[in-house]
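Per-entry structural report
Residues per chain, in single letters:
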Amino acid sequence: MKIKEVNELETKELVEKLENAQAALATMKLNHNISPLENPSQIKAARRDIARMKTVLRSRELNK
């Protein structure tokens, strides 16, 4: 997910996507520990997406 896409989302939608992404990351990590993922760079991409969403949420919080 690109930063432009994150900025276009409403705050409520962004919070929901963040929660889903965090749950997916936890599942991905667990599955990777049990048997290696076919593409382990997915974990890195998920972490970065979560960081982008948190950054946008925090900037919106500070601009209020």
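Note: the structure precedes this text.
Just so we're clear, the structure is a prediction, and the values are computed from it rather than from any experiment.

**What to know about the environment of R60**
Relative to the helices and strands, R60 resides in helix α3 (residues 41-63). Along the sequence, R60 and N7 sit 53 residues apart, while their C-alpha atoms lie 9.8 Å from each other.

**Observations concerning the pattern of salt bridges**
In this structure the tally under the stated criterion is two salt bridges. A salt bridge links R52 to D49; its shortest N-O distance comes to 2.8 Å. Placement of the pair is R52 and D49 together in helix α3, with a separation of three residues, close to one helical turn. On the basis of relative accessibility, which here comes to 30%, the residue R52 falls in the partly exposed class. The partner of R58 in a salt bridge is E61, with the nearest N and O atoms 2.6 Å apart. Placement of both R58 and E61 in helix α3 is noted, with a separation of three residues, approximately one turn of the helix.

**What to know about α3**
In a regular helix each residue adds 1.5 Å, so 23 residues correspond to 33 Å; α3 covers 33 Å between its end C-alpha atoms and thus fits that length. I43, A46, D49, I50, M53, V56 and L57 are the residues of α3 that are buried. Elements in contact with the buried residues of α3: α1 (3-8) and α2 (11-34).

So, how was this worked out
- Numbers given to residues run from 1 along each chain, matching the order in which its sequence is written.
- Where local features are concerned, this predicted model is filtered to residues with pLDDT of at least 70; where side-chain atom pairs are given and counted, the filter is 80 or more; whole-chain, interface and lining totals use all residues.
- Hydrogens are left out, water is left out, and the side-chain values use all remaining heavy atoms of the structure.
- In this text, helices come from DSSP runs of H or I with a minimum length of four residues, and strands from runs of E with a minimum of two, each type numbered from the N-terminal end.
- Any carboxyl oxygen of Asp or Glu within 4 Å of a side-chain nitrogen of Lys or Arg constitutes a salt bridge here.
- Classification of residues uses two cut-offs on accessible area relative to the type maximum, computed with a 1.4 Å probe and protein chains only: under 20% is buried, over 50% is exposed, and between them is partly exposed.
- Residue count minus one, scaled by 1.5 Å, sets the expected span of a helix.
- Any two residues having at least one pair of non-hydrogen atoms within 4.5 Å are treated as being in contact.

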